[in-house]
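Close look at the chain arrangement
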Amino acid sequence: MLVDVALPLPIPRVFTYRVEQEGLAAGTRVLVPFRGRRLIGWVTGPCAEPVDAARVRAVSAVLDREPTVPPDLLRLCRWVADYYAAPLGQVLRAALPTMLSDTRRPEPPVRTRRILRLTRELPSLRERDELFGRARRQRECYEAVEGLGGSAEVAHLTGQLGFSLAVLRGLVTRGLAEITEHEVARDPFADAPAAPPPRFELTPAQRRARDALVAAAAALDRARRGESGGAEPDLRPFLLLGVTGSGKTLVYIELLREVVERQGRGAIVLVPEIALTPQTVARFRSYFGDLVAVLHSALSDGERFDAWRALRSGERRIVVGARSSVFAPVQDLGAIIVDEEHESTYKQSDEAPRYHAREVAIMR
């Protein structure tokens with residue numbers, strides 16, 4: 001099968017490769033040879049132009065079980081590439097976490113922790129005496145884990161409690177415990193519990209804005225569920241006017257309650273980079289808790305990758321972030337909010353693709 005592949009290069013074209021796998025979906029990452037090196041690119045579809053199949057090189061590896069770029073995001077990236085005269089591969093690279101296009105690690109690492117879990121109960125003292133004999137530290141470790149609810153992190157047992165790995169392995173060898181790997185999300189806000197939301201009452205102006213936005217979101221939801229009688233939904237963007245401190249964020253939150261809580265859909269909240277502070281994030285987390293993911297340049301590659309995966313899986317349904325978050329893989333997207341839409345930081349001007357997040361948001 002011949003497929004076209006977009007590569008993250010400043011070249012406005014796709015490249016054709018041969019792949020053994022039939023029906024490879026567009027948006028799938030592949031590792032390919034290119035001029036003496038290997039690059040990660042994205043399948044854009046079957047080969048569109050006639051080529052000499054004998055001269056086509058083969059894909060080195062298919063990196064995804066399912067596409068990292070779903071159809072709706074691929075269409076959006078095609079529009080960005082066309083409208084801003086940017087190579088599609090560069091647009092796709094900008095739309096995804098850095099780890100997904102890094103050839104030094106084609107399989108992005110996940111953070112894990114080892115957990116020791118007891119697998120056998122010892123209800124009597126006599127049974128414990130006979131089983132452990134002189135293995136005093138194994139018995140102490142067993143009973144310590146028992147007191148912790150039956151499982152504990154290996155690092156906690158070997159660090160704070162002072163048990164050696166040999167002691168832990170002894171419990172496993174006796175069939176009393178097992179050690180397994182558990183994935184841990186790299187979340188910079190994991191240790192910061194969400195504060196309870198403040199009580200407030202909307203002003204008349206805020207209520208009018210809220211009612212207009214909620215009505216539009218509800219009408220769009222009915223149309224997508226086929227309950228609008230065939231009428232086309234109104235997709236025009238709204239402009240919410242209000243000086244700093246006038247309570248626009250409260251209106252945003254009311255809209256998100258409709259979209260996320262009542263409709264069960266997702267949302268993107270774009271804020272200027274300078275406004276993406278812990279206080280801003282805390283405001284949204286106080287209402288929506290662990291449904292909120294954060295994406296911005298101050299996070300590590302691993303933190304951004306884990307947030308991206310949580311959004312893609314539907315575990316998180318709201319993303320708060322800077323301009324590149326307009327490409328976030330939010331499931332069943334129901335609303336995009338661009339706060340302070342006049343800010344210059346929404347325009348990426350320092351490197352390709354040079355796009356404006358507000359315009360991309362409207363198209364998405």
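Note that this is a predicted model, so its numbers are computed, not measured. (Residues numbered from 1 in each chain as written. Predicted model: local features only at pLDDT ≥ 70, side-chain atom pairs only at ≥ 80, totals over all residues. Heavy atoms only, no water.)

Before going further, it helps to spend a moment on the sheet that holds strand β9 (residues 266-270). A sheet is described by the order of its strands in space; here four strands give the open sequence β10-β11-β9-β12, paired in parallel fashion. What marks the edges here is a single partner per strand, and that holds for β10 (292-295) and β12 (333-338). Strand-to-strand, the axes of this sheet are offset by a mean angle of 15°, without reference to chain direction. Pairing of β9 with β12, which is carried by five bridges, proceeds in the parallel orientation. Along β12, the bridge assignment pairs isoleucine 268 with isoleucine 336. Against the sheet, helix α8 (residues 248-262) makes contact with β9, β11 (318-321) and β12, and its axis sits at roughly 170° relative to β12, the strand it touches most. (Pairing = 2+ DSSP bridges. Helix = DSSP H or I, 4+ residues; strand = E, 2+ residues; numbered from the N terminus. Axes fitted to C-alpha atoms, helices over the stretch in contact; angles between N-to-C directions. Contact = heavy atoms within 4.5 Å.)

Looking now at the environment of arginine 126. Position of arginine 126 among the secondary structure elements: in helix α3 (residues 125-132). Of the residues examined, arginine 126 reaches a relative accessible area of 64% and is grouped as exposed. Counting along the chain gives 19 residues from arginine 126 to valine 145, while the straight-line C-alpha distance between them is 19 Å. (Buried < 20%, exposed > 50% of the residue type's maximum accessible area, 1.4 Å probe, protein only.)

To continue, consider the sheet that holds strand β6 (residues 112-118). Spatial ordering of the open sheet is given by β7-β6-β8, a layout of three strands whose pairing is antiparallel. Sheet topology places β7 (151-153) and β8 (177-183) at the edges, where each strand pairs with a single neighbour. When strand polarity is set aside, the average angle formed by the axes of neighbouring strands in this sheet is 30°. Across three bridges, the pairing between β6 and β7 is antiparallel. Directly across from leucine 116, in β7, lies its bridge partner alanine 152. Packing of helix α6 (residues 165-173) onto the sheet brings it into contact with β6 and β8, and relative to β8 it is tilted by some 110°.

Our focus in this paragraph is the packing of helix α4 (residues 136-147) against α6. Interaxial distance between α4 and α6 falls to 9 Å at its minimum, and their mutual angle equals 80°. For the element pair α4 / α6, the angle class is roughly perpendicular. Of α6, the residues touching α4 (which contributes Arg137, Gln138, Cys141 and Tyr142) are Val167, Leu168, Gly170 and Leu171. A class-by-class count of the residues in the contact of α4 with α6 yields five nonpolar, two polar and one charged. (Parallel < 35°, antiparallel > 145°, perpendicular 65-115°, else oblique. Nonpolar A, V, L, I, M, F, W, Y, C, P; charged D, E, K, R; others polar.)

By volume, the largest pocket amounts to about 1300 Å³. Lining the largest pocket are 40 residues, and of these Pro237, Ala335, Ile336, Ile337 and Ala361 lie nearest its centre. Those elements giving two or more residues to the lining of the largest pocket turn out to be α1 (71-83), α7 (204-224), α8, β12 and α11 (357-363). If you tally residues by element for the lining of the largest pocket, the top one is β12, at six residues. Of the residues that constitute the lining of the largest pocket, the class distribution is 25 nonpolar, four polar and eleven charged. Approximately 630 Å³ is the volume found for the second largest pocket. For the lining of the second largest pocket, the elements supplying multiple residues, two or more each, are α2 (88-95) and α10 (301-313). The dominant element in the lining of the second largest pocket, judged by the number of residues it contributes, is α2, at four residues. When grouped by side-chain class, the residues that make up the lining of the second largest pocket number ten nonpolar, eight polar and five charged. (1 Å grid on protein atoms, 1.4 Å probe; cavity = no way out; pocket = protein on both sides within 12 Å on 5 of 7 lines; lining within 4 Å. Points joined across faces, edges and corners; volume = space filled by probe spheres on them.)

Another aspect to go through is the environment of serine 349. Secondary-structure assignment places serine 349 in the loop between β12 and α11. Sequence separation of serine 349 and leucine 125 is 224 residues, and the distance between their C-alpha atoms is 71 Å.

Turning to the packing of α8 against helix α9 (residues 278-288), a few remarks are in order. A pair of packed helices can be characterised by two numbers: the angle between their axes and the separation between those axes. Where α8 contacts α9, the two axes come as close as 11 Å, and the packing angle between them is 40°. Taken together, the axes of α8 and α9 lie oblique to each other. Two packed elements cross with a definite hand, and for α8 against α9 that hand is right-handed. Facing Thr249, Leu250, Ile253, Leu256, Arg257 and Glu261 of α8, the residues of α9 in contact are Arg283, Phe284, Tyr287 and Phe288. Of the residues assigned to the contact of α8 with α9, the class counts are six nonpolar, one polar and three charged. (Left-handed = near helix turned anticlockwise from the far one by under 90°.)

Our next topic: the pattern of salt bridges. With the rule as written, the count across this model stands at 26 salt bridges. The closest approach of N and O atoms between aspartate 332 and arginine 265, which form a salt bridge, is 3.3 Å. Separated by 67 residues along the polypeptide, aspartate 332 in the loop between β11 and β12 and arginine 265 in the loop between α8 and β9 bring together distant segments of the chain. Judged by its relative accessible area of 47%, aspartate 332 is partly exposed. Assessed through its relative accessible area of 3%, arginine 265 is described here as buried. (Salt bridge = Lys/Arg side-chain N within 4 Å of Asp/Glu carboxyl O.)

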